[in-house]
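Residues per chain, in single letters:
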Amino acid sequence: MSDNWLANRGQVSAVEFDPRPHLQVASMMDAAANVIMQLAIRPVGRGVLESTVESGQVMRHPVKRGRTTLTYLAVAMLGTDDERALYREAVNVSHRPVHSGPDSPVRYNAFDPDLQLWVAACLYRGFLDTLAVLGREFDEPTSEAFHRFAARLGTTLQVQEDSWPADLESFWKYWDDKVADLEIDEATRAYLKKIADLTFLPRIISLPLGRLSEFVTRGLLPTPFRTAMHYPWSGRDQRRFDRLMSLVAFTNRFVPPIAQRMPYNVLLWDLRRRVKHGRPLV
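None of these values were measured; they are calculated from a predicted model.

K.L.:
Before we go on, may I ask you to explain the pattern of salt bridges in this structure?
P.N.:
Pairing of side chains with opposite charge becomes possible as their charged atoms draw close. The full count for this structure, using the stated rule, is 15 salt bridges. Across the pair Arg148 and Glu144 runs a salt bridge, and its minimum N-O distance is 3.7 Å. Taken together, the residues Arg148 and Glu144, both in helix H6 (residues 140-149) and 4 residues apart, mark about one turn of the helix. Taking relative accessible area as the criterion, Glu144 reaches 1% and is therefore assigned buried.

And the structure:
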C-alpha cells in the first residue's frame, strides 16, 4: 500500500464534503494499527502507559475505552458544532490528570496541541488506508475536501484550524517528518502487542481472533511502524494480506449503506441520547 496514495490537490471547500459515504464499519479493522501509529511518538506512548485515569485504561475497561474513542470519531466527523464542544469538554475532564511526572522519561501533556495534531493525523491516515483497502478512489477536489474536513479530528480538541496542514502535499510532508522521529520503547511495544493480538481481552475472544487481528494489524501498518514494532513481514505475508483485503473489499460491496456506517451512526445517536438525559458522555 503506497504511503502517498491520496496525495492530490484540489479546490473544493470542506463545507461541501459529506463524510457519511466514507465512514465504514471496515475501518475498525485498522484500530490496533492506528493505536500503534499514535503511540509511536514517545510522549504519546508514555502518556498512555503512565495515565492514572482508571476509566480510560483499555486493558481494564476495553468496552468503555472503545466506546469513548469511537464516539469521538463519530462526533468529530458527523456531530454539530455544539455536540463537538460538549464532547471536547467531557474529554478535557479525562485529560486533565494526564501529564508527565517527575520520574517520567519524557515530558508530555494530554492538552499539548502538537501531540493532539499527531493523533489526529493518525486517525485521518487510518481513514485513508481503510478506504484504499476497500478500493475507494477520490478525484483531486474530493481528496482535498476530505483532507480539509478531517481537520475536525484535531479541532474537536485543542488543535487550531490553522495548525492542520493546509493541503495534502503539506500533510504528507508533516507525516514524513514525524515518522522520522518515531520511537517505540520496550514497555510501549509490549503494551501495543497485547492490543494487536487481543490478549488484553478475555480468552474467549483472544484465542479465536488474536492471530487474525495481529496479522491484519501487521499488514495495515506502514513499514516504519512495523519495523519499530519488530514485526516480521515477508512477500508471502503480503500476498496473503492482499488476498484477504480483496475479500473484505468484495464483501463490503454488499453491505447496506446504513450498516456500513456502523458503529458511528449508532454512537452519535447514543451521544444525543446521553445529552438529552444528562448522562455522562465519556
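K.L.:
Whenever I open this one, the side chain of Asn92 confuses me. Can you help?
P.N.:
As for its placement among the helices and strands, Asn92 is situated in helix H4 (residues 81-95). Taking relative accessible area as the criterion, Asn92 reaches 7% and is therefore assigned buried. The contacts of Asn92, once residues within four sequence positions are left out, are Phe111, Leu157 and Gln158.

K.L.:
Explain unusual backbone geometry here, please?
P.N.:
Backbone phi values are negative for most residues with the exception of glycine, while trans is the configuration of most peptide bonds. That bond from Met262 to Pro263 is cis: its omega, 5 degrees, falls within 30 degrees of zero. Inspection of the secondary structure assignment puts Pro263 in the loop between helix H13 (257-260) and helix H14 (264-276). We note that Leu198 has phi near 65 degrees; this positive angle belongs to a residue other than glycine. Position of Leu198 relative to the elements: it lies in the loop between helix H9 (186-196) and helix H10 (203-220).

K.L.:
What's the story with the environment of Glu186 in this structure? I'm lost.
P.N.:
Take Glu186: it is sitting in helix H9. Placed 43 residues apart in sequence, Glu186 and Met229 show a C-alpha to C-alpha distance of 9.2 Å.

K.L.:
Help me out: how do you make sense of the packing of aromatic side chains in this one?
P.N.:
Aromatic ring pairs: the centre-centre distance and the angle between the two ring planes describe each pair. Following the criterion strictly, the structure yields 14 aromatic pairs and no others. Aromatic pair Phe215 and Phe241: ring centres 6.3 Å apart, planes at 70 degrees, arrangement edge-to-face. Of the two residues, Phe215 sits in helix H10 while Phe241 sits in helix H12 (residues 235-252), which places them 26 residues apart along the sequence. The pair Phe215 / Phe241 is uniform in exposure class, with both members buried. Measuring from centroid to centroid gives 5.1 Å for Phe250 and Phe254, while their planes differ by 70 degrees, and the two rings are edge-to-face. A relative accessible area of 44% means that Phe250 is categorised as partly exposed. Among the aromatic residues, those joined into a ring-pair cluster are Trp118, Tyr124, Phe138, Phe146, Trp164, Phe171, Trp172, Trp175 and Phe225. Between the NZ or CZ atom of Arg240 and the centre of the ring of Phe215, over which it lies, the distance is 4.4 Å.

Cut-offs used in this document
Residues numbered from 1 in each chain as written. Predicted model: local features only at pLDDT ≥ 70, side-chain atom pairs only at ≥ 80, totals over all residues. Heavy atoms only, no water. Salt bridge = Lys/Arg side-chain N within 4 Å of Asp/Glu carboxyl O. Helix = DSSP H or I, 4+ residues; strand = E, 2+ residues; numbered from the N terminus. Buried < 20%, exposed > 50% of the residue type's maximum accessible area, 1.4 Å probe, protein only. Contact = heavy atoms within 4.5 Å. Phe/Tyr/Trp six-rings, centres within 6.5 Å; stacked < 30°, edge-to-face > 60°. Lys NZ or Arg CZ within 6 Å of the ring centre and 35° of its normal.

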